[in-house]
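Coordinate analysis (summary)
Listed below are the residues making up each chain.
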Amino acid sequence: MIGLNETVDKYRPTQTVTPEGEEVFTWPDLPTESDIPCRVVTVSLVRKAQMEAIGLHYGDVEAYTFLFEDGKDIARDDKLKYDGEYYRVLSVEDPDKLGHHLEVMAVHVEGITS
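Residues numbered from 1 in each chain as written. Predicted model: local features only at pLDDT ≥ 70, side-chain atom pairs only at ≥ 80, totals over all residues. Heavy atoms only, no water.

Position of Asp29 relative to the elements: it lies in the loop between β3 (23-26) and β4 (33-46). Under the relative-accessibility criterion, Asp29 is labelled exposed at 63%. Between the C-alpha atoms of Asp29 and Tyr11, which are 18 residues apart in sequence, the distance is 8.2 Å. (Helix = DSSP H or I, 4+ residues; strand = E, 2+ residues; numbered from the N terminus. Buried < 20%, exposed > 50% of the residue type's maximum accessible area, 1.4 Å probe, protein only.)

Structure representation (structure tokens):
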């Protein structure tokens, strides 16, 4: 794919369920995969109500669309480190269903750290 002019590090979480039935994610200190080529194409605002509708309680956040080569192992709830900041993956799509690239929507949330 032409124009992959940025890179990200990916952190794959482990998921546990508390005795109360709450899902808890834990991300590793070191990246699961480093220097993955990508391109950042859009930034938009996601409102608090939209975040709560998908089970996240962060308030208003910035959402970024990252483009990756098709076949990259990026999944919902992965954490991406881009330009020194962390982003939580909300969705991964093959928009044209032809295998050209993946579109990943991730949110920048203050307070997310490694």
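Per the stated rule, a full pass over the model turns up 6 salt bridges. A salt bridge links Arg12 to Asp73; the shortest N-O distance between them is 3.1 Å. One end of the pair, Arg12, is in the loop between β1 (6-11) and β2 (14-17); the other, Asp73, is in the loop between β5 (61-69) and β6 (79-82), with 61 residues separating them in the sequence. Residue Asp73 is classed as partly exposed on the basis of its relative accessible area of 43%. What emerges from the salt-bridge pattern is a single network uniting Lys10, Arg12, Glu33, Asp73 and Asp78. (Salt bridge = Lys/Arg side-chain N within 4 Å of Asp/Glu carboxyl O.)

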